[in-house]
Structures are given as structure tokens and as C-alpha cells.
Amino acid sequence: MKALKITGAAIGVVIVVLALVLIVGVPSGFLTSMIQDRAERATGYRLTIDGTTKVSLWPSLNVTLTDLTLQDPKDREGLHRITVASLTADMTLSSVWSGHPEISELIVNKPVLYRPLLRERDRDRAVPVTSVPADEADHFSIEHIKLVDGTIVASNARDHVEARIEAINAGVTIDPDRKIKVTGTARAAGNPIKFDLGATPPPPPVGHQNMPVELSLDAPGLLHGPLTARAEVRLNGPLVMINSLSGNLGDGAFNGWASVDVASKPLVKVDLDFQRFEIGAAASGTQVTRTWSDAPIDLIRLNYVDAQIKISAAEASIDQARFAPAEIDATLAAGVLKASFPNLGTYGGQSSGEIIVDASSGNPVYAMHCDLVGVRALPLLSGLADFDKIDGKMQAKIAARTTGASQRAIMANLSGNAFLNFQDGQIRGLNVAQMIRSLTASPLSGWQEQQEQATDLSQLSASFKIDRGQAVTTDLNLVGPLVKVTGTGTIDLGTKMLGFRVEPKLVLTTQGQGRTSDPVGFGVPVLIDGPWEQPRIYPDMAGIFDNPDAAYAKLKEMGKGLFNGNNAGALGGLLNGLSGLTGNQSNSSGTPGGNPNSDSLGGLGQTLGGLIQQGLGGGRNRSIPSRSDDAGTASQPAPAPPPQAAENEAGQPSTQDSQPMNDVLKQLFNRSPN
């Protein structure tokens, strides 16, 4: 009886121990060496398990390993390694007993992949790439892998540079036909990423065999639109070859090929043809700021990848500017990016040039040259620089060089040369002739822009010498109907300030280029200075801000010079040319005195046309002297006396004072002569 009791007690103890093993698990260090050996043969890395290894038998066989490190055995600095907080595998006991483990789920918790950022290619430091032998690959299978809170860290300790892709959560499903499906999310530089990958690997060994791959990637902060692609991928050691590549990036379809050599410093080669290709962030709603940004522009990452890129597109976009067709060839080596565009179709014209960015040092260096011929200025300038004030056919030659790690530094250090020429267009929102008239009453603050107004131009040209952000011109020249402006000045590109001294003149003909009449001077130069979006504009008269009333009284007297005897003939010719525009067609011979097919003259033409009706023409009550058909000479209005002869020797007012001239002066300059 006593023996039975002892036996029963022993059986009870065994049952309790087995129950604890099934429910709680037991340390199983004997599995460690086997797992380490298997992992090294499969990956080429050395596996270190610094935590615990546990086995649980209920409700299924479950193996849990903690604090794992998978590292390149040749890497003493720990540049190539993977750490895992915990690894859990569920499998059936029957599959283990059969020698072919079938893992139903593998959970990888908080894995971190460390990758060095190398400035030079060094194959001796390449990541080891091995393949699982075919016989060993058939010894186990995995149905589902769950990746929880993973991270990829790429760093360079010498440059103090680190890039991360964080919060990687993904699920991997592998069906019996070896079809792999990967779905997940992540974050890069604060931007969300959603990805979906499908592949069908060939039977082992996978190397040197084509593998169909499909990819879907949505990264709103990094790409202009969702990316979908399909290709044939072939692995050749560390070289990944991507052939028969096709897909869509946003609304643009593409096709071509690519390759990536992941040994040491990555080398990327891409040759793609797009229907539509976009570069840069969308600029809609962008606000023009008063100052350049001091935010650092980080280009140091250009040092850690080499690339050869060729992109062609039926249509390409840079911000809101459009080019069709487009071809870009770019190379990136040792931190120097060279991008050339030999022939860009640009708004009815052509552009070509090259951009070089040298980021190999701590202070990036930029260089560029470009030529533009026959390009319509308005859509190009508004798309690239949010500048919509000038329209017309544009020709430009620009060669510049600068350094800096922020917008402000880049613009402040700019040096080079630029030539700009606009033809047969207009200055939008600005009536130069009306501004000239307004200057006789008060200085202006800003450009006095009005959307419904414009100044037609036959030509606007200037050449600039740029040194340390100071763009200097000595040959500013604007020619248009009724207006001519010449001048010199400086634009401070770093502070967005300008200072110009210009000579505005009225041209007494509706012609632009090829005019025959001499221009009538405003009388004094005009200064334009201050912020370029809101400058001060005022006549260059000594003491104008000390005693504005006296200065403008003097300016009023100067304004009479527009209509003195020396300019009477020119004025008469102008009025004769404008008479057809105002409805007054009478002349000495009764023939029409104007061109009924003439175009609108804009603000100044309307002003002078109105003056003919109201002041000089007097509607039907006055006639304008015109060329006599019999005499063949032009009769001219009586000359007005110069300002210094306003009074005779007896102190009486001059009898040559003309009321029509007073009316012109009053309406043109907003002041009466007295």
C-alpha cells in the first residue's frame, strides 16, 4: 500500500511539471546553438542571443527568443547589423517531429536594421549575400510573418548624419505556391508611407532567375502621387537588376529599366521614359515672402549614393512651370550632381543648360548656365518664381555661381552675368505713363498696380553684372508706344531691395521701335528704391522730402517743358495722329487726320485722347492745325514761352499763355499752372 502511495505521488508530480511546461514554458538553452548555426548558414551573419530562449507546448509549439543580434562577422565596428527585441515562432509538433518545421506565424518585434552611409565605394566592406541551399529551404516553411515597430537606421558617424525610416509595421504572407504578399505602413522624415508588394520567387536558388514583382507605394509628402510599378527582378549577388519596368507615377505612365548595386556605397542606374514627369513641390497658393528663408538646406546625403539617371518625358513640370518635350541627363558621384537639359521645349521656345551642385563640402557650391530663345515670359516666370508682371517673347542668357546652405546665403553670394530681353509684350498691372503723370503730384509708394491696366512694350532689355548678390545694370531700356524709359541701377538679391535711377520720356508717336519723333523728357530723373515688391518712386530733386511743396512747384514748371515751342511740332504731329482715335477728324483739307484702325493706346493714350476732346480739340468747337496739302508743310501751334519768360519786363503776365496748354497741363499733371 505504501508503494502505491509513493508511485501515485510521483505520477502527480510529473503531471504537475508537465502542466507547467505546457502552460508556462521552460528555459531551453539547448535550442540556442542549433538556431544560431541555422541562421548563419542561411544569412552569412553571426547570430547572438543575449536574452532568453523559451519553449511552450500549449496550445501549440511556441519558441521565443529575446535580445537578438545578427551581425556581419567581418564588421568589427557594428556598421552592418540587425537587432531584434524578441522573435516568436508558432509551429505544429507534428511538423517538428517530421523534420520539416511548418511555422504558422513568425512575429518579429522591434527589429532595427543598421546600415552605414559611405562616401566611397569599398567592396571589401560589402554586405555578405548568401542563398539558402535548395535542400535546406525545403526543410521548413513560413505561412505568415508579422513585423512590429521596425526601424531602418542609416548613419555616418564622421559626418554626424543619420537618416531613419521608423514605425514600420508590416504583414508578410507566403502561400504554398511561393507567392509573397507584403503590406504595411511606415514613416520617413515625418511623412507617412503606405506600401504593398507582391512577388513570386522562382524555386531555389533564387539568384540569376527572373522574379515578377509588383509594387504600390503611397507617400504624399515625398512623391507627387501614388506609385505603381511592375518589373522583372533578377539578383546577381549584391546587384539587383530591374528589367521590363513599367508603371505610373501620379498621372504619368513610364517605362524603362533600373539597377541598384548594394555592395558598399549604393550605385543606382535609371533610364526611364515618362508621359508626364514632375520635379519639385507644387507651388499653388505660395505666398511671396519679404525675406529669403534662413532654414538650412541639407544636401549632405548626396555624398552617400552614386547615380546615373536619364529621364525623358513628353511633358515635364518643375513646380508649376511646364516643359514639353524634355530630356534630362544627370550623374551623381562623390557628392557632385551634374544635370544637363540639352533641349527643353519651353512655352513656344527652347531652353538649354546645365546645373551643377557640389555638396562634397560643408558649404555647397552651385553653378548654372542656361539659354532661352523665343520663350513666352509670363507662364515661365509665374511658374518658376511666382512673378506675373511681364509678358512677351523672352530671350535670356544666364551664367551664375554661388555658395550657401540656405536661401538667403545662396542669393547673397550669387555672382555671374545675365542678359534679359523681352519683346512685343506688356508690363501687366502697371501703367508707366500714368505713373509719370502721378509723380508730378506726389511720390509713390509701391508700383500702384491695377490689374485692369498695362503698359505695352516693344522691347524691354537689360544686362546685369552680378557680384556677391548685387546685380548691377547700366543699360536698362524700355521702349513702347508713347513711353521710353532708360536707366541704371542695382538689385540686391540677398535682401530683395533695389535702387534704380531712370529717365522716363514721352514719345510723341504711337509707334514703338522705329519711331521717328524725338522723345520729350520728363524733366528730372526718377528714383526707385526700397523693397522690390513695394519700392518708393519719386523724382530725383534735391530736397524733395525736406520741402515737398516747393519741389513740386518747381516740377510743375518743368512739366511745362513738355509743351514748349521746341516740342510744339512733335505735339502737333501726335495730336494729328490721335485725332482719328478721338473722333475729331477735321483738318485744313477736310481729309481724315487719324488712323481708324489704330489699336488702343492704354492709359496715356486715353488721357491724351480725352485731352484732345476736352482741351485742345474742344469737341466740335476747335480744330487742330494739320499738314496742308497745298503747302506741303506742317502748321504748328503757337509756341509757349519758356518758364523763365513767364513775365514781361513790365511785370505783366505773358500774353503767350495758352489756355489749351493749361488744360493739358492740368489734366496730365493734376495741377493748374497757377
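Heads up: the structure comes first, above all this text.
Every value quoted in this text rests on a predicted model; they were computed, and no experiment measured them.

Definitions and cut-offs
- Residues numbered from 1 in each chain as written.
- Predicted model: local features only at pLDDT ≥ 70, side-chain atom pairs only at ≥ 80, totals over all residues.
- Heavy atoms only, no water.
- Helix = DSSP H or I, 4+ residues; strand = E, 2+ residues; numbered from the N terminus.
- Buried < 20%, exposed > 50% of the residue type's maximum accessible area, 1.4 Å probe, protein only.
- Contact = heavy atoms within 4.5 Å.
- Areas by Shrake-Rupley, 256 points an atom, 1.4 Å probe, with all protein chains shown as cover.
- Salt bridge = Lys/Arg side-chain N within 4 Å of Asp/Glu carboxyl O.
- Polar contact = N/O pair within 3.5 Å; in protein donor to acceptor, adjacent residues only side chain to side chain.
- Pairing = 2+ DSSP bridges.
- Phe/Tyr/Trp six-rings, centres within 6.5 Å; stacked < 30°, edge-to-face > 60°.
- Lys NZ or Arg CZ within 6 Å of the ring centre and 35° of its normal.

Colleague: I would appreciate a short explanation of the overall build of the protein chain in the present structure.
Modeller: Counting secondary structure elements, the protein chain contains 11 helices and 33 strands. The burial tally for the protein chain puts 37% of its 674 residues in the buried class. A fraction of 52% describes how many contacts in the protein chain between residues 6 or more apart in sequence connect residues 24 or more apart. Carbon and sulfur atoms form 56% of the exposed surface of the protein chain, whose accessible area is close to 36000 Å².

Colleague: What exactly am I supposed to notice about the pattern of salt bridges here?
Modeller: Pairs can form between side chains of opposite charge whenever their charged atoms are close. Considering all chains together, one arrives at 15 salt bridges under this definition. Here E166 ties to R164 by a salt bridge, and the two come within 3.6 Å at their closest N and O atoms. Among the residues examined, R164 registers a relative accessible area of 39% and is labelled partly exposed. The partner of R376 in a salt bridge is D391, with the nearest N and O atoms 2.9 Å apart. With R376 in strand β23 (residues 365-376) and D391 in strand β24 (residues 390-403), this residue pair connects regions lying 15 residues apart in the sequence.

Colleague: Explain the side chain of T402 here, please?
Modeller: Position of T402 among the secondary structure elements: in strand β24. Among the polar contacts made by the side chain of T402, one reaches the main-chain amide nitrogen of L414 at a distance of 3.4 Å. Those residues in contact with T402, other than ones at most four positions away along the chain, are P364, V365, Y366, A409, I410, N413 and L414.

Colleague: Explain the side chain of T346 to me, please; I cannot follow it from the model alone.
Modeller: Tracing the chain through its elements places T346 in strand β21 (residues 336-346). T346 sits in the buried class, given a relative accessible area of 1%. Within the structure, T346 has its side chain in polar contact with the backbone oxygen of L344 (distance 3.1 Å). Only 2.7 Å separates the side chain of T346 from the side chain of S351, close enough to count as a polar contact. Leave out the neighbours within four places in its chain, and T346 touches F323, S351, V375 and L380.

Colleague: Before we go on, may I ask you to explain unusual backbone geometry in this structure?
Modeller: Among all residues save glycine, negative phi is the norm, and among peptide bonds the norm is trans. For the bond from A324 to P325, the omega torsion is -10°, close enough to zero to count as cis. Within the secondary structure, P325 sits in the loop between β19 (321-323) and β20 (326-333). For K110, which is not glycine, the phi torsion reads 55° and is therefore positive. Mapped onto the elements of the fold, K110 is located in the loop between β6 (102-109) and β7 (112-116). According to the relative accessible area criterion, K110 is partly exposed, its value standing at 46%.

Colleague: How should I be thinking about the environment of A405 in this particular structure?
Modeller: Structurally, A405 is set in the loop between β24 and α6 (407-412). In this structure, the C-alpha to C-alpha distance between A405 and P364, residues 41 residues apart in sequence, is 6.3 Å. Excluding its chain neighbours within four sequence positions, the residues that come into contact with A405 are A295, P296, I297, N363 and P364.

Colleague: Is there a simple way to explain the pairing of strand β2 (residues 46-49) in this structure?
Modeller: The two faces of β2 differ: L47 and I49 on one face are buried, but R46 and T48 on the other face are not. As judged from the 4 bridges shared by β2 and strand β4 (residues 61-71), these two strands associate in the antiparallel manner. Following the sheet pairing, T48 is matched in β4 by T69.

Colleague: Could you clarify how one ought to interpret the environment of M394 in this entry?
Modeller: Within the element layout of this structure, M394 appears in strand β24. Under the relative-accessibility criterion, M394 is labelled buried at 6%. When the C-alpha positions of M394 and L420 are compared, they lie 7.3 Å apart, and in sequence the two are 26 residues distant. Not counting chain neighbours up to four residues away, the residues in contact with M394 comprise L372, V373, G374, V375, A377, L380, L381, L420, N421 and F422.

Colleague: Where do I start with helix α5 (residues 377-385) in this structure?
Modeller: Count 3.6 residues to each turn of an α-helix, and residues three or four apart come out pointing the same way. Listing the buried residues of α5 in full gives A377, L378, P379, L380, L381 and G383. Where α5 is buried, its residues contact β18 (306-318), β19, β21, β23, β24 and β25 (415-428).

Colleague: Is there a simple way to think about the pairing of strand β14 (residues 227-236) in this case?
Modeller: The two faces of a sheet get side chains in turn, since along a regular strand they alternate between them. Bridge analysis of strand β13 (residues 210-218) against β14 gives 8 bridges, and the strand direction is antiparallel. Looking at β14, one finds that M211 is bridged to V233. By the bridge criterion, 9 bridges tie β14 to strand β15 (residues 239-249) in an arrangement that is antiparallel. Residue pairing for β15: L227 is matched across the bridge by L249. Connecting β14 to the next strand, β15, in antiparallel fashion are 2 residues, including G237 with a positive phi near 65°.

Colleague: I would appreciate a short explanation of the packing of aromatic side chains in the present structure.
Modeller: Remark: the centre distance and the inter-plane angle together describe each pair of aromatic rings, the angle taken between the planes. Evaluation of the coordinates by the stated rule reveals 2 aromatic pairs. Relative to F274, the ring of F254 lies with its centre 5.3 Å away and its plane at 40°, an arrangement referred to as tilted. Here F274 lies in strand β17 (residues 267-279) and F254 lies in strand β16 (residues 252-261), a separation of 20 residues in the sequence. Residue classification places F254 among the buried positions, given a relative accessible area of 7%. Here F274 falls in the buried class, since its relative accessible area comes to 6%. Where F274 meets F277, the ring centres are 4.7 Å apart and the plane angle is 50°; that geometry is what we call tilted. When its relative accessible area of 13% is taken as the criterion, F277 is described as buried. One aromatic cluster is present, formed by F254, F274 and F277 through successive ring pairs. Geometry around Y114 places R81 over its ring, the cationic atom sitting 3.8 Å from the centre.

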